Amino acid sequence: MLFKYIRQKAYEKKLRALDVPDVFRSCFEQVKNLETRKHIRDIGFIVFDTETTGLRPARGDVLLSIGALGFTGGRVDLSKSFYELIRPEREIPRDSVLVHTLTPGKMKDLSPVSDVLVRFLEFCQGAVLVGHHTAFDVEFINAALKKYFGLPLANRVLDTAKIARGIQKTQEPGKVAIEGARNFSLDYLAKSFNIKAPDRHDAYADALVTALIFQRQIALLQKEGMSRLKDFLRIGEVR
Amino acid sequence: MPVEATASAGYNAVSRKQHYSVTLFLCACLITTHVSHVNHMMELPLDKVMAFLKAVCPFSELPEPVLKGIVRTLLIEYFPEGEVILSAGPVDNAFLYLVSSGVTHCFKKDGAKVTTLRYVSERDHFGSETILTGRCRYTVQVVEDTICYLLKPEVFKELEGRFDGFRQYFQTINSPLSVQIAEHIAFREKSSLQQLPGRVNETSSQFKTSIGMLVSREPVCCGLKTTASEIARIMAFSGVGSVIVAEKETPLGIVTKNDLTAKVLARGRKSDIPASEIMSKNLLSLDRNDSCFEASLRMVENHCHHMVVTKEDRLYGVISQHDLILLQGANPVAVVGSIYKQKDVAGIKKCVRDMSIVQEVLLREGGRMPQIWALMSTFRDTLTRRLIVLAIEEMRKRGKELPVLNFCWITFGTPGRKETLLRENYLEGFIYKDPQGGLKDETVDYLKTLCAMVKDGLVECGLLDRKHGQVLCLSESKWREWFDGLMAGETPLDADNLRTFDFRGVCEEGKTVEELRQYVFEAARHKPRFLNQLRMRTNPTLIPVCFYRDQVVSSGTKRETLNLRDEVLTPLVGVVRLMALERGIMAFSTIERLRALCELGAIDGEKGKDLETGYEWFVRHCLQKALYEKRPLDWAVEPGKLSPDERRLYVESFRLVRDFVAGSEEE
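The rules behind these values
Residues numbered from 1 in each chain as written. Chains lettered and ligands numbered in written order. Predicted model: local features only at pLDDT ≥ 70, side-chain atom pairs only at ≥ 80, totals over all residues. Helix = DSSP H or I, 4+ residues; strand = E, 2+ residues; numbered from the N terminus. Buried ≥ 20, exposed ≤ 12 C-beta atoms within 10 Å, placed from the backbone. Contact = placed C-beta atoms within 7 Å. pLDDT = per-residue confidence, 0-100. Axes fitted to C-alpha atoms, helices over the stretch in contact; angles between N-to-C directions. Parallel < 35°, antiparallel > 145°, perpendicular 65-115°, else oblique. Left-handed = near helix turned anticlockwise from the far one by under 90°. Nonpolar A, V, L, I, M, F, W, Y, C, P; charged D, E, K, R; others polar. Pairing = 2+ DSSP bridges. Core = buried A, V, L, I, M, F, W, Y, C linked by C-beta atoms within 7 Å.

Some thoughts on the overall build of chain A
And then number 1: Helix and strand counts for chain A come out as 11 helices and 7 strands.
And then number 2: Scored against the burial criterion, the 239 residues of chain A give a buried share of 42%.
And then number 3: Taking all contacts inside chain A whose residues are at least 6 apart in sequence as the whole, residues at least 24 apart take part in 70%.

Here's what the structure looks like:
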């Protein structure tokens, strides 16, 4: 609690000091007032995913796209969809082009990352973000946000992979104690829940699959008596 | 395909402007924060959702731009096994639930009694009535983990307002079964039915073309006193083959080229003989708005080639068999004419193929089953009569003359109800008046030989089962004894014997059979024990309840296939027959019997209409499937091959028949 309070105060101080778009302030205010004791069905989530040029922002890898959709009352809301490609500030590695089929020609008319991130924040507001192996995505988003605005994301973030491990711990405690929890890939979880993935693999499609997985995880955790946001943050939050 | 073309396939044509306004509306359903981003947005990879929506009726008929808009308004919800999605009663948060995966159970609960309505699985939907009425009539509970796409009520209402077909579809779902089936047939006829193999699109439908359309000129008329030579001149001058004999625009008869040949030239009569002496007086007439099928049927039944067309009861024109043949390649009149010309069984057998072609054509053209049954019954009767004539001629060649007897051929079972589809029958009969002093041995031999010859002919033509088919040749008194034995329980009342209560005469002179029918129906209604035995034979629990995925559910068991005839149609026909016998209703067909029962107040009018439509639709659907899949009609229904709408109609029809059969059991 104390760390949380200190972090919040530090963020607020920076927010006052910096000349950032208003959306940063509104997001922060909403996150600050987030009621974690609320039932999970009463919480607004944004499920998201990103595509990048590589694995490490510190080595110059950058965001290529962000896909996200709304998730409220246990329902995936396709009317609340976000999917934008980003004009990269560096040359895209050949391997990355092959993975994402985003050629330099396609990229030149796109918005710069700073514009896309502001629109993404406007889309998310103070909602709890959900992703799969989210630490990776948050690292890239925060790197870009810090570069252009001097501030990281204020939002709380859940990771479906961490939640999956949490569920495994409650369902197979003995196995986890001996072998450790397994590393759940998105494809593995989708397959185990019999979720048919879209034909295209991109940020939006993966966000949609993540949302469907999160839906199942909610149902599973509710069976275990975990139905409040704080229960989910406890086992699946990315700090 | 252009947007307009797609829309008009299933819906009233909507202008391009309307389409765009719908799309814009649907886009407006996206969240407001998002609208400002539209320019930056990439196309969403919702291909799977789009493909799903395209497979769900009635969305499958909406234009693609509208569908794309709808996809972006959907919610996706997951329901684990056991969860109740909707409860009976008022519903605050209404949606249309489109099932993407899983199975839900729709049921009504009355105290401890749970009545299954249906199981809803992939590509089907539920909940429309919650949007339309704000209430749910049943409870929906998840049987297998289910994922649903939820259509928001505001989007539903918008689509309803914009697309008449969409509105009609959901209105129909909540209508009586007869309306649902009629709408379903109309909808199918616009789409898949037209893709049946062998369809000749150029030909006009006999059901939709009025005979007035075939009249190309004013009728050529003459007076009663016009001479034969004058009539011949009129024909030559006008280029027609028939002249109407009329007085003050009232048609009295017709003189055809055949009449001039057969009644004047062949008999060596003078050419000044007046029209009144050579004209055919049994003039058929129909109103110009009647269908060409009706004209064909009347010509077939009355063995004539011309028909007068009237407009407000006044002479309008003349149509001939030739006109109908030009309209439609396979013409019923031509088929019957062909049967009359055949000199042997092999020739008649070829006619059966033509009959089947006519049946297929009528089915493709959207013909109703009562019409098809009526025509096929006439075909079958004509064929049987021709076989009898050929048999008599053969006997004559052998030096044996037909004894002076009042006789008639009887057909039993499905053809006995005038519901034949030209399939193998199991029992035919021959009835003759009891001669005074009994029959001579040689007469008995003659009749036995005659029956055997007709039987062989029917077997050869595929209208009597080769192995089990039999022809009973009995006198009127013996037939009465036969039925008395059945009603007294001396002969066991198995399914075959039950069918003998559906019988009728096939020959022109059918008085003997009519007297027998009256005797049987009169006797049956006064035999409560017999009627009770019939009632005991009905078992509503054998009738399927619903489908579960690709399986049929009945009495707690699940099976892969269903035999529609044995499990649904036979119980229905049986109960209708029983009710007809109880009330002395002499109608032949199940549909006629149902109508008579409604008139008597034995069945509620709406229920009777639903049963009638359901019965007809079951037969029509099976027949169409067999035709489409190019296989013999075997009445097997594979649930996996039914569309969600067909499954819904099947299940509702099952329930209707089950309730009806159960109701009769309680009586």
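Quick notes on the confidence of the model for chain B
All names here are of chain B.
And then number 1: Chain-level statistics for chain B give a pLDDT mean of 84 and a share of 90% at 70 or above.
And then number 2: Confidence drops under pLDDT 50 across residues 1-38; counting only partners more than four residues distant or on other chains, this segment forms 65 contacts.
And then number 3: Across residues 192-203 the pLDDT falls below 50, and counting only partners more than four positions away or on other chains, this stretch makes 11 contacts in the model.
And then number 4: The complex prediction reports pTM at 0.72, with the ipTM value standing at 0.86.

Topic: the packing of helix α5 (residues 113-124) of chain A against helix α6 (residues 134-149) of chain A
Residue and element names in this part refer to chain A.
And then number 1: Two elements in contact, α5 and α6, have axes whose closest approach is 10 Å; the angle formed by their N-to-C orientations is 110°. It follows from the interaxial angle that α5 and α6 lie roughly perpendicular. In this structure, the crossing between α5 and α6 has a hand that is left-handed. Contact residues: α5 offers Val113, Ser114 and Leu117, while α6 offers Ile141, Ala144, Leu145 and Tyr148.
And then number 2: A breakdown of the residues in the contact of α5 with α6 according to their chemical character gives 6 nonpolar, 1 polar and no charged.

Things to note about the sheet that holds strand β21 (residues 557-559) of chain B
Residues and elements named next belong to chain B.
And then number 1: On the basis of which strands lie adjacent, the open sheet formed by 3 strands has the order β19-β20-β21 and antiparallel pairing. Each edge of the sheet is formed by a strand with only one pairing partner; in this case those strands are β19 (546-548) and β21. Strand after strand, the sheet turns through a mean of 40° between neighbouring axes, direction not considered.
And then number 2: Strand direction decides the pairing type here: strand β20 (residues 551-554) and β21, joined by 3 bridges, are antiparallel. Looking at β21, one finds that Ser554 is bridged to Thr557.

Looking at the sheet that holds strand β18 (residues 503-505) of chain B
Residue and element names in this part refer to chain B.
And then number 1: With mixed pairing, 4 strands are arranged side by side in an open sheet as β17-β16-β15-β18. The open sheet has two free edges, formed respectively by β17 (470-475) and β18, since each of these has just one partner strand. In this sheet, neighbouring strand axes are inclined to one another by 25° on average, regardless of whether the strands run parallel or antiparallel.
And then number 2: Of the strand pairs in this sheet, strand β16 (residues 427-432) and β17 are connected by 6 bridges, and their pairing is parallel. Bridge assignment links Tyr432 to a residue of β17, and that residue is Ser475.
And then number 3: Together, β16 and β17 form the strand contacts of helix α19 (residues 441-460), whose direction differs from that of β17 by roughly 150°.

Concerning the nonpolar core
And then number 1: Val47, Ala68 and Leu69 of chain A together with Leu74 and Leu572 of chain B are the most contacted members of the largest nonpolar core, which has 231 residues in total.
And then number 2: The contacts of Ala68 of chain A, once residues within four sequence positions are left out, are Ile46, Val47, Phe48, Phe82, Phe123, Cys124 and Ala207 of chain A.

A short note on unusual backbone geometry
Both trends apply: most residues other than glycine have a negative phi, and most peptide bonds are in trans.
And then number 1: Following Cys57 of chain B, the chain continues into Pro58 of chain B via a peptide bond in cis, with omega recorded as 10°.
And then number 2: Backbone geometry places His133 of chain A, a non-glycine residue, at a positive phi of 50°.
And then number 3: Here His133 of chain A falls in the partly exposed class, since 18 other C-beta atoms lie within 10 Å of it.

Let's talk about the environment of Phe107 of chain B
All names here are of chain B.
And then number 1: With respect to the helices and strands, Phe107 occurs in strand β4 (residues 96-110).
And then number 2: For Phe107, a count of 17 C-beta atoms within 10 Å gives the class partly exposed.
And then number 3: Taking the C-alpha atoms as reference, Phe107 lies 5.6 Å from Tyr138; in sequence the two are 31 residues apart.
And then number 4: When residues no more than four places from it in sequence are discounted, the contact partners of Phe107 are Val114, Thr115, Thr116, Leu117, Tyr138 and Thr139.

Considering the environment of Gly165 of chain B
And then number 1: As for its placement among the helices and strands, Gly165 of chain B is situated in helix α8 (residues 164-173).
And then number 2: Separated by 44 residues in sequence, Gly165 of chain B and Ser121 of chain B have C-alpha atoms that sit 24 Å apart.

Some details on the packing of helix α13 (residues 292-302) of chain B against helix α17 (residues 369-397) of chain B
Residues and elements named next belong to chain B.
And then number 1: Where α13 contacts α17, the two axes come as close as 10 Å, and the packing angle between them is 25°. Considered as vectors, α13 and α17 are oriented roughly parallel to each other. Every pair of crossing elements has a handedness; the one defined by α13 and α17 is left-handed. Note on element contacts: α17 touches α13 through Gln371, Ala374, Leu375 and Thr378, opposite Phe293, Leu297, Val300 and Glu301.
And then number 2: Its residues assigned to classes, the contact of α13 with α17 comprises 5 nonpolar, 2 polar and 1 charged.

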